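Each chain, letter by letter, is given below.
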Amino acid sequence: MVSSSPSSPSEQSPMSRKLQSDKGYYWFVVIYLVVLSALGSFVNDMYTPALPGMCRFFGCSVPLGQMGLTMGMIGLALGQIVLGPVSDRYGRKPVLFGSVMLFVVFALASVFSTNIHVFNLCRLFQGIGAAGGYFLSRTIPADVYSGRGLAKLMALIGAINGIAPASAPVIGGLAADEWGWRSIFIILAVFAALVMLSGIFMKESLVPSRRVAGSWWKEAVSGYRSLLGNRRFMIHVCFKGTALGLLFAYVSSSPFILQTHYGLSQTSYGLVVGFNALFMAAGSMVAIRFHPLEKAARLGAIILAVGVAAQALALYTVHNIWIFDGTMVVVLFSLGLIFSTTNTLAMNEGRDRAGEASSVLGVAGYIVGAVVSPLVGIGDILHSTAITYVILAFAVFVFSRLSSRLTPDSDER
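Residues numbered from 1 in each chain as written. Predicted model: local features only at pLDDT ≥ 70, side-chain atom pairs only at ≥ 80, totals over all residues. Heavy atoms only, no water.

K.L.:
Any chance you could explain the overall build of the protein chain here in plain terms?
P.N.:
Helix and strand counts for the protein chain come out as 16 helices and zero strands. The C-alpha atoms of the protein chain give 20 Å as radius of gyration, which agrees with the globular expectation for 413 residues (22 Å, within 12%). Counting the 413 residues in the protein chain, one finds 60% classified as buried. Nonlocal contacts in the protein chain, meaning residues at least 24 apart in sequence, comprise 85% of its contacts between residues at least 6 apart. (Helix = DSSP H or I, 4+ residues; strand = E, 2+ residues; numbered from the N terminus. Rg over C-alpha atoms; globule rule 2.2 N^0.38 Å. Buried < 20%, exposed > 50% of the residue type's maximum accessible area, 1.4 Å probe, protein only. Contact = heavy atoms within 4.5 Å.)

Structure representation (structure tokens):
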């Protein structure tokens, strides 16, 4: 295991030195990175239970209501593209504080939206703000660890972070039922403010000697060009991105399938989706036991194909909530296997430009997610969701095969 990326004490960041000397601080960093990553999950997952009700409130169509998810994903993608290289130039903490502050401002602004278009615009800036925490939860570990050390930390973060997608819809459903959809964004703003205040205790993970010199924008263009030309890195990115797109298709369609079609309340929906998310966390925990790591992702792609085939058949022919949910937990478990592994494999390839690599890795999924989120609402939502699932599962399987043909680095084993 490589315990830290800098080799000499003088090159180590304040965080690296603190991690080596204080086990308690290690667990603080783990929990804080989980919370940072959760902010990226909460930006969409918490308000999905309220989507059908918001469509009625604003008097808009389902696809237009789902555009709020798309705008959030676009914001997450744009934010990572810009903030990644900025953090490589100026350090992680300034980006952390600035981005979370932006999220707080527009979460509160969305509460006063007078129509769906204003709300969706606020969602764009919420996504940009949440992007900082989301990509830093992958970037900071790559600053201080590599190989299996990085894999263990990221798998641990991924497993614990299963609480986020599990709890977010439950909290959102309860809040929407009790106080209305606006309460969800007040809760999000308070949560983000607490994240920002807790960041005071975080040490900087990127030592000045490892920061990008010169114009951050010119260096960003050069860095992105280099990463996009790295075949190994991009295969792992596309593998993760198509899998994440399938998760977003589920997030976008499930409120309407479970609430409108099967008649669940917002609270019941949150409980069901929260329970399902625990299986994704279980997949993340199981993934780290595989040697080499890519075996977990390959198995995940096979399980995903089987689960999606059963899910699509059920959506077309068997209208039973238990079958729908049973096949979905299989799909989510397989996604957990894929996410932990592909995150580690991609960040190992791009760790020399960790901020930009993390941005590309995150953006890929949000590009796919932004495209598929409104598509699942076109026509018969059961049929459009089934078709979208099958197409994405096929793409995941193709990239899993390409990934399996790569020669693994020794650090990845």
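Next comes the rest of the write-up.
K.L.:
Whenever I open this one, the nonpolar core confuses me. Can you help?
P.N.:
Judged by nonpolar contacts, the single largest core of 114 residues is most densely connected at Ile184, Leu246 and Leu335. Looking at this core element by element, the count peaks at 15 residues for helix H11 (residues 231–261). (Core = buried A, V, L, I, M, F, W, Y, C linked by side-chain atoms within 4.5 Å.)

K.L.:
Just to check I follow, could you spell out the environment of Phe233 for this structure?
P.N.:
Mapped onto the elements of the fold, Phe233 is located in helix H11. On the basis of relative accessibility, which here comes to 0%, the residue Phe233 falls in the buried class.

K.L.:
Can you help me understand the environment of Lys152 in this one?
P.N.:
Counting through the fold element by element, Lys152 comes out in helix H7 (residues 147–160). When the C-alpha positions of Lys152 and Met285 are compared, they lie 9.5 Å apart, and in sequence the two are 133 residues distant.

K.L.:
Looking at this structure, I do not really get the side chain of Ser99. What am I missing?
P.N.:
On the secondary structure map, Ser99 appears in helix H5 (residues 92–111). Its relative accessible area of 4% is what places Ser99 among the buried residues. Side-chain polar atoms of Ser99 contact the backbone oxygen of Val95, separated by 2.8 Å. Every residue in contact with Ser99, bar those within four places of it in the chain, is listed here: Leu83, Gly129, Gly132 and Gly133. (Polar contact = N/O pair within 3.5 Å; in protein donor to acceptor, adjacent residues only side chain to side chain.)

K.L.:
Sorry if this is basic, but what is going on with the pattern of salt bridges here?
P.N.:
Two side chains with opposite charge may pair up if their charged atoms get near one another. All chains considered together, the criterion is met by three salt bridges. Residues Asp143 and Arg92 are paired through a salt bridge, measuring 2.8 Å at the closest nitrogen-oxygen approach. Here the residue Asp143 occupies a position in helix H6 (residues 116–144), and Arg92 occupies one in helix H5, the gap between them amounting to 51 residues. Residue classification places Arg92 among the buried positions, given a relative accessible area of 3%. Here Glu349 and Arg232 are joined by a salt bridge, their closest N and O atoms 2.8 Å apart. Here Glu349, found in helix H14 (residues 321–349), pairs with Arg232, found in helix H11; they are 117 residues apart in sequence, far enough to count as distant. One continuous salt-bridge network, built from bridges that share partners, spans Asp88, Arg92 and Asp143. (Salt bridge = Lys/Arg side-chain N within 4 Å of Asp/Glu carboxyl O.)

K.L.:
I tried to follow the packing of helix H1 (residues 14–21) against helix H2 (residues 23–45) on my own but got confused; where do I start?
P.N.:
For any two helices packed against each other, one specifies the crossing angle of their axes together with the interaxial distance. Direction vectors running N to C along H1 and H2 enclose 125°, while the axes themselves pass 5 Å from each other. In terms of orientation, H1 and H2 fall into the oblique class. Crossing angle aside, the handedness with which H1 passes H2 is left-handed. On H2, the residues that touch Met15, Lys18, Leu19 and Ser21 of H1 are Lys23, Tyr25, Tyr26 and Val29. Among the residues making up the contact of H1 with H2, the classes are represented as five nonpolar, one polar and two charged. (Axes fitted to C-alpha atoms, helices over the stretch in contact; angles between N-to-C directions. Parallel < 35°, antiparallel > 145°, perpendicular 65-115°, else oblique. Left-handed = near helix turned anticlockwise from the far one by under 90°. Nonpolar A, V, L, I, M, F, W, Y, C, P; charged D, E, K, R; others polar.)

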